[in-house]
Amino acid sequence: MSCISSLTRAHEGPHIAGDPSTVGLVGNTPVVWIGEPFTPSGRGFWAKLEGANPGGLKDRPALHIVDRARNRAELEPGAMIVESTSGTFGLGLAMAGIVYGHPVTLVADPGMEPLIRDLLAAYGARTEIVTAPHPEGGWQRARLDRVSEILKANPGAYSPQQYDNPDNSDAYRALARELVGQLARIDVLVCSVGTGGHSGGIIRVLRGLFPEIRLVGVDATGSAIFGQPAGPRLMRGLGSSIYPRNVAYEEFDEVHWVAPAEAVWASRTLAATHYTTGGWSVGAVTVVAAWLARTLPAHRRIVAVFPDGPARYHGTVFNDDYCARHGLLDRPPAAEPDEITDPLRQEALRWSRCTTVLDPTAEL
């Protein structure tokens, strides 16, 4: 497949009811080939560019969840939508609020980029910032606690609950069908993991078509999702200090943890060599997908989902002062990941890999 044809769009849209002049902008995103310098000549992987959606990857579940909630009468006309977000899902909900006529209140933390706060305000969404992390559940638990308070104070308000709502995963079935239309065959799917929505939703469709497909999860160091101890995290958009119920642990064949400096190096290298880049999740996914492309047999077709573009990261990933302050510059990943055999006993401090995927909630 040529680079020109790789940029074509699939014919099947997301099939979401609503205003076609807005909703029609979501879905049918392109794929592009990522090769050198991440891989030797002739090797590489396909990237699904979800940053081509107006707000990014989570436009899909935001519209889908709101549509389903309205159809089930869980969300009454004109009722308030309230949700926790680090940014991308908030942008999608702002769009859904405009399309379906709902006021949107979002709960974020101080790590939300000023650009996203300004955009959300421009889109008519109200944003509250929590001031202190929960002592055990971090910023995410603090945000969710505030969402609960707002819901109690506003009878009839609705929360999409992106971490636990199965409609989140279901929203990505169209993305899976788009990939099949664009690439015909997929052997390995590489996804960042935050809420668990897109990894679970895509793989359930693809595994039905390609039973031998492998799902590789990409998490952040300091994230608790796959059994690591929760710790401070610079990276946003992947990782979690809680256990989202949408994470389909049984579907993963292996998981990698990537550190912030490694993601920064990959995102900046993508920008300089492919003019296709994004933030923390895009960088982290690139580190892992490129390694798979270097080490697996050349005929294996690898697809990575790039959740967003670079715009919101001008103050972090692409800001020299920020990166220097946090020691993130000029620190490329090692040629190979560290190998972890027990994620409950070995902590990932840099890029690490584990082929034993455990569900840390199994005994809770």
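If you look the protein up in an unreviewed UniProt entry, it shows as PLP-dependent cysteine synthase family protein from Actinomadura alba. Note on the protein: under the UniProt heading Cofactor (unreviewed entry), the record states "pyridoxal 5'-phosphate".

Draft legend 1. Seen up close, the pattern of salt bridges. Counted according to the given criterion, the structure contains 23 salt bridges. Arg146 is the partner of Glu128 in a salt bridge, and the nearest nitrogen-oxygen pair spans 2.7 Å. One end of the pair, Glu128, is in strand β5 (residues 126-129); the other, Arg146, is in helix α6 (residues 138-153), with 18 residues separating them in the sequence. We classify Arg146 as partly exposed; its relative accessible area is 27%. Three or more residues are tied together by salt bridges with common partners; here these are Arg207, Arg214, Glu251, Asp253, Glu254, Glu339 and Arg353.

Draft legend 2. Fine view of the side chain of Glu251. Structurally, Glu251 can be placed in the loop between β7 (214-220) and β8 (254-258). Take Glu251: its relative accessible area is 15%, and that puts it in the buried class. Each residue touching Glu251, except ones within four places of it in the same chain, is listed here: Ile203, Arg204, Arg207 and Leu215.

Draft legend 3. Representation of the sheet that holds strand β10 (residues 338-339) in the model. Pairing is mixed across the open sheet formed by 8 strands, whose spatial order is β1-β2-β9-β6-β7-β8-β11-β10. Strands at the two margins of the open sheet, each flanked by one partner only, are β1 (31-34) and β10. Pairing geometry for strand β6 (residues 188-192) and β7, over 5 bridges, is parallel. From the neighbouring strand, Cys191 faces β7, where its bridge partner is Gly217. Helix-sheet contacts for helix α8 (residues 173-183) involve β1, β2 (45-49) and β9 (302-306), and the interaxial angle to β2 is about 135 degrees. Contacts from helix α9 (residues 197-209) reach β6, β7 and β9, with the element oriented near 165 degrees to β6.

Draft legend 4. The arrangement of the environment of Asp109 in detail. By secondary structure assignment, the location of Asp109 is in the loop between β4 (104-108) and α5 (114-122). We classify Asp109 as buried; its relative accessible area is 2%. Considering only alpha carbons, one finds Asp109 and Val130, 21 residues apart in sequence, at a separation of 5.2 Å. Within the structure, the side chain of Asp109 is placed 2.8 Å from the side chain of Arg143, a separation counted as a polar contact.

Draft legend 5. Spotlight on the UniProt feature "domain: Tryptophan synthase beta chain-like PALP" (unreviewed entry) in the protein. The sites that carry the UniProt feature "domain: Tryptophan synthase beta chain-like PALP" (unreviewed entry) are, in the present numbering, residues 25-308. Along residues 25-308 one finds 39% helix and 15% strand; the C-alpha atoms at either end are 15 Å apart.

Draft legend 6. Inspection of the sheet that holds strand β3 (residues 81-84) at higher detail. Here we have 3 strands laid out as an open sheet, ordered β3-β4-β5, and parallel in their pairing. Bordering the open sheet on either side are β3 and β5, each of which pairs with just one other strand. The mean inter-strand angle of the sheet, taken between neighbouring strand axes irrespective of direction, is 20 degrees. Sheet topology places β4 next to β5; 4 bridges connect them, and they run parallel. From the neighbouring strand, Val107 faces β5, where its bridge partner is Glu128. Contacts from helix α4 (residues 88-100) reach β3 and β4 within the one sheet, and its direction differs from that of β4 by about 175 degrees.

Draft legend 7. Here's a closer look at the pairing of β6. Within β6, 5 of the 5 residues are buried, which leaves it mostly tucked inside the rest of the structure. Residues Val188, Val190 and Ser192 point to one face of β6 and Leu189 and Cys191 to the other, with burial holding for every one of them. You can see the chain leave β6, run along α9 and come back into β7, and the turn it takes is right-handed. Where β6 and β9 come together, 3 bridges link them in parallel fashion.

Criteria and cut-off values
Residues numbered from 1 in each chain as written. Predicted model: local features only at pLDDT ≥ 70, side-chain atom pairs only at ≥ 80, totals over all residues. Heavy atoms only, no water. UniProt positions renumbered as here; feature names shortened; annotations may be inferred. Salt bridge = Lys/Arg side-chain N within 4 Å of Asp/Glu carboxyl O. Helix = DSSP H or I, 4+ residues; strand = E, 2+ residues; numbered from the N terminus. Buried < 20%, exposed > 50% of the residue type's maximum accessible area, 1.4 Å probe, protein only. Contact = heavy atoms within 4.5 Å. Pairing = 2+ DSSP bridges. Axes fitted to C-alpha atoms, helices over the stretch in contact; angles between N-to-C directions. Polar contact = N/O pair within 3.5 Å; in protein donor to acceptor, adjacent residues only side chain to side chain. Right-handed = clockwise from strand over helix to strand, strands pointing away.

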